[in-house]
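Coordinate inspection notes
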Amino acid sequence: MAARPRVVVIGAGLVGCALADELTDRGWTDVTVLEQGPLFTGDGPGLVRQTDADRTMTEFAKYTVAKYGSLTLEGRWCFQPVGGLELATTPRRLAELQRRHGWATSWGVRAYLRSPRECAELHPLLDPAQVLGGLHTPGDGVAKPLRAAEAQARRAIDRGARFLAGQRVVAIGRSGGRVTDVRTEIDRFRADVVVSCAGVDAPAIGRLVDLAVPLVPLAQHYARTIPLPSLAGDNDDFTEAGKPVLRHGGLSVREHVDRLGLGSAALGTAEPFAPADFEQLWAEAVRLLPALADAKVEEGVTSLVAATPDGKPLLGEHPDLDGFWVAEAVAFPHAAGVAREVARWLVDGQPRLDLHASDLARFERVQLAPENVRERAVRTFAGTRHDEPRPPLRTSPFYERQVALGARFAETGGWERPVWFSANETLPETSRVPAASEARTAGAEAIVARERVAVFDLTSAARLEVTGPGALPFLRTMTTNELGHAPGAVTYTLLLGEDGGVRSDLTVARLAADRFQVGANGPLDVDWLRRHLPGDGTVQIHETTAGTCCLGVWGPLAERVLAPLSTTDLPADGAVTAFIGTVPVLVLRRSGDPGWALHAGADLGRLLWDTLWEAGQPHGIVAAGHEAFSSLRRENGGRTWGTDFTAEHDPYEAGLGFAVRMDKGYFLGRDALLGRSAATVGRALTSLVTDELVLGKEPVFFEGHPAGYVTSAGRGHTVGKNLAYAWLPVECAKPGTPVEIEYFGRRVPAVVEPRGPRNTRRTA
């Protein structure tokens, strides 16, 4: 690609304008932005809220606030930090706001919990008798979307970018696996890079390049009232608003000089706005704001927004067409932040923030079915729980057996994965789990797995087969650990970015000289590995998850169950092929694991289960779910990629330096690690024991000041402790250091401890 490639951006909305600004600011000035209609038309309520459960989403919004706050257009503001005020009218909602306050503190957003009286002082139209409290975020506010778009476009134009109206894209040229040009109804534009920022039209653009873009257009209502006497003189036409934006459930309220604007999700199609659509929300607004009792809606509009199955943006490059990128399904508060990261990705080769939850490649293929996309997007947009009854999408061969045992399932990657089993509710071990625990049954399952034997369904974990004469050199180049061991070796290793950040962790079993089984974290790993395949055809990658299954048989009695069934000695560390009864399996074990993982063809999965179940009865075998698995993993010092550590962390910070072999030769990310070690890090993923069970994402305080945040937490059922991981500065991460965790508005004592009370992870 040229040093300053030709870039065509499809769509001159907020994201397209912001991207042109960010790219040209980084020296990519040959940028053409195409808009099918006129430029800078249409507007929205411009509500900006920074705090999200997801740290990356919050970082997007923080940058948007900072950038728009610095922008003006012909002397007019683009962002007003009037603040945000989320309201609670029930104890449950108040607890939610307390948790949101913790998120804000964790991610560096200024926020305050307010009493009903303080809420009314912040917004005098509010009836304090109707609320129990609120969450005030002074840095939130209102923006002018059109002004912000045009202000950024003008800056890009000053650096050389072009913005063209009336350019409806009808084709995208390609040759040799790369984009070559963009064709509209009236013109043709050569391109090295094409970025789709088309909003609700993104699926149509995707079809031009055979790309499924999993979003659906959903409607939202916005209405303005007649002038309110109670607002007369509070604002002028320049400032427009001075009181914080109110949020309550699906309702949002902001000022428009002497009027109020009210917004809500509609979930339907873009039918013309009708006052009847607003009746329920209007009644709720009148209850909170009595000044509306004598008012009415003067005008309203229904607009479309792009919604995805998980509510996150779609960012990244086409898996099979180099140079075609998407930046879609971006909520207004995230627009500038997303544009900055996509620009970094394009110009620098990778983003700086962790984008795994927004990556275009994160979905399994079955999740891209239009019916699945729409059903999930509607639920997410409406805030509906995903654990409501629904037909299963993907099931392991053990599903019927698990249903018979009363499995409670949760979905992961489309798979039905058991969380715990009601058949275990009467286990005597439940008496050893604290009565207040919400997971007594899962706790009993963990105790049985630690003291006897349990079987875990591991089928949902992604599995790949990497083969060919170039397989070993390829995997050695792509990962951090030494993989050149004799066939039968099983190795834990890492995938890094060029900056040394951990993109994923893998378990690699060498089955033959040129054949490896790779245990991965999901579609993102497959995408990353395929993008780096050598062009000479010496390496092939095959996804084997769907056609195989896996059971973990763990516990001190696991060998008594398996040894009589196996035709081969069970490995203490490594991989062997064997028959378990009449079922051919691949048996894997890493040093420190509490048992063995048995991989078989999906067609023989049920027979494998039945064979193990029958053989395990004399030994008290139970089926155990993911809740017990997570508890045991946490006790053992295991960390989870994507939750406890991400591409923003290097191996030494994450406590994974044992999986890095700097002396093995080149691997991707090695240069960035030169000079780094566990002794040089400034922050560390730290094990904590807490006085109370926390949930994750809470702020951690050291000597009274915010110092870090919890990544994950849970009960260590077999050690009788509440365990958590947290990112902390190294000076706070020494064993024995006392810290506090903000939990629903209270400070919970905790103490730093060495990694995992039952640390069995290999460290060399």
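Keep in mind it's a predicted model, so treat the numbers as computed, not measured.

Structural notes on the overall build of the protein chain
Summing up its helical and strand segments, the protein chain has 17 helices and 41 strands in all. Here the C-alpha radius of gyration of the protein chain, 28 Å, is about what a compact globule of 764 residues would show, namely 27 Å. Based on the C-alpha atoms only, the size of the protein chain along its principal axes is roughly 85 × 65 × 50 Å. Within the protein chain, buried positions represent 55% of all 764 residues. Here the analysis covers contacts within the protein chain between residues at least 6 apart in sequence; of these, 70% occur between residues at least 24 apart. Surface summary for the protein chain: the accessible area is close to 30600 Å², and the carbon and sulfur share equals 50%. Between the centroid of the 83 positive side chains of the protein chain and the centroid of its 93 negative side chains there is a distance of 3 Å.

Remarks on the sheet that holds strand β33 (residues 583–589)
Adjacent strands of a sheet form backbone hydrogen bonds with each other and so pair up, either parallel or antiparallel. Strand order across the open sheet formed by six strands is β32-β33-β34-β31-β25-β35, with mixed pairing between neighbours. Since the sheet does not close on itself, it has two edges, and those belong to β32 (574–580) and β35 (622–624), each with one partner. For this sheet, the mean angle separating the axes of adjacent strands, direction not counted, is 30 degrees. The sheet contact formed by strand β31 (residues 548–554) and strand β34 (residues 595–601) spans seven bridges and is antiparallel. In the sheet register, Leu-551 faces β34, and the bridge partner there is Leu-598. Sheet strands touched by helix α11 (residues 440–451): β25 (454–457), β31 and β35. Its angle to β35, the strand with the most contacts, is close to 120 degrees. Here helix α15 (residues 605–616) sits on the sheet in contact with β25, β31, β32, β33, β34 and β35, set at roughly 15 degrees to β31.

As for the packing of helix α2 (residues 55–70) against helix α8 (residues 335–348)
Two elements in contact, α2 and α8, have axes separated by 6 Å at closest approach and are oriented at 105 degrees. Regarding the angle of α2 to α8, the classification is roughly perpendicular. The segment α2 lies against α8, with Phe-60, Tyr-63, Thr-64, Lys-67 and Tyr-68 engaging Ala-335, Ala-336, Gly-337, Val-338, Arg-340 and Glu-341. Class assignment for the residues of the contact of α2 with α8 results in six nonpolar, two polar and three charged.

Points about the sheet that holds strand β30 (residues 540–543)
One open sheet holds the five strands; their spatial order is β27-β28-β29-β26-β30, and the pairing between them is antiparallel. What marks the edges here is a single partner per strand, and that holds for β27 (490–496) and β30. If you compare each strand with its neighbour and ignore which way they point, the axes differ by 30 degrees on average. Taken together, the seven bridges between β27 and strand β28 (residues 502–512) define a ladder with antiparallel strand orientation. Looking at the pairing, Thr-493 lines up with Leu-506 of β28. Running at roughly 130 degrees to strand β26 (residues 462–467), helix α12 (residues 471–478) makes contact with β26, β27, β28, β29 (515–520) and β30 of the sheet.

Quick notes on the environment of Val-15
Topologically, Val-15 is positioned in helix α1 (residues 14–25). Val-15 gets classed as buried once you look at its relative accessible area, which sits at 12%. When neighbours within four sequence positions are excluded, Val-15 is seen to be in contact with Cys-197, Ala-327, Val-330, Ala-335 and Ala-339.

Concerning the side chain of Asp-181
In this fold, Asp-181 is placed in strand β13 (residues 178–184). Only 2.7 Å separates the side chain of Asp-181 from the side chain of Arg-183, close enough to count as a polar contact. Among the polar contacts made by the side chain of Asp-181, one reaches the side chain of Arg-188 at a distance of 3.4 Å. Residue contacts for Asp-181: discarding those within four places in its chain leaves Ile-172, Gly-173, Arg-188, Phe-189, Arg-190 and Ala-191.

Focus: unusual backbone geometry
Phi angles above zero are rare outside glycine, and Glu-74 is one such case at about 55 degrees. Note that Glu-74 resides in the loop between β4 (72–73) and β5 (76–77). Non-glycine residue Lys-697 carries a positive phi angle of around 80 degrees. Relative to the helices and strands, Lys-697 is located in the loop between β36 (683–690) and β37 (699–702). On the accessibility criterion, Lys-697 (31% relative accessible area) is partly exposed.

Notes on the pattern of salt bridges
When the charged atoms of two side chains with opposite charge come close together, those side chains can pair. Here the structure, examined in full by the defined rule, presents 51 salt bridges. A salt bridge links Glu-429 to Arg-452, with the shortest nitrogen-to-oxygen separation between them at 2.6 Å. With Glu-429 in the loop between β24 (415–421) and α11 and Arg-452 in the loop between α11 and β25, this residue pair connects regions lying 23 residues apart in the sequence. Of the residues examined, Arg-452 reaches a relative accessible area of 23% and is grouped as partly exposed. Its salt-bridge partner being Glu-653, residue Arg-683 comes within 3.0 Å of it at the nearest N-O pair. Placement of Arg-683 in strand β36 and of Glu-653 in the loop between α16 (626–635) and α17 (670–673) is noted, with a sequence separation of 30 residues between them. Glu-653 sits in the buried class, given a relative accessible area of 12%. Linked through salt bridges whose partners overlap, the residues forming this network are Asp-21, Glu-22, Asp-25, Arg-26, Lys-67, Arg-155 and Arg-159.

Quick notes on the rules
- Residues numbered from 1 in each chain as written.
- Predicted model: local features only at pLDDT ≥ 70, side-chain atom pairs only at ≥ 80, totals over all residues.
- Heavy atoms only, no water.
- Helix = DSSP H or I, 4+ residues; strand = E, 2+ residues; numbered from the N terminus.
- Rg over C-alpha atoms; globule rule 2.2 N^0.38 Å.
- Buried < 20%, exposed > 50% of the residue type's maximum accessible area, 1.4 Å probe, protein only.
- Contact = heavy atoms within 4.5 Å.
- Areas by Shrake-Rupley, 256 points an atom, 1.4 Å probe, with all protein chains shown as cover.
- Lys, Arg positive; Asp, Glu negative; His and termini not counted.
- Charge placed at Lys NZ, Arg CZ, Asp CG, Glu CD.
- Pairing = 2+ DSSP bridges.
- Axes fitted to C-alpha atoms, helices over the stretch in contact; angles between N-to-C directions.
- Parallel < 35°, antiparallel > 145°, perpendicular 65-115°, else oblique.
- Nonpolar A, V, L, I, M, F, W, Y, C, P; charged D, E, K, R; others polar.
- Polar contact = N/O pair within 3.5 Å; in protein donor to acceptor, adjacent residues only side chain to side chain.
- Salt bridge = Lys/Arg side-chain N within 4 Å of Asp/Glu carboxyl O.

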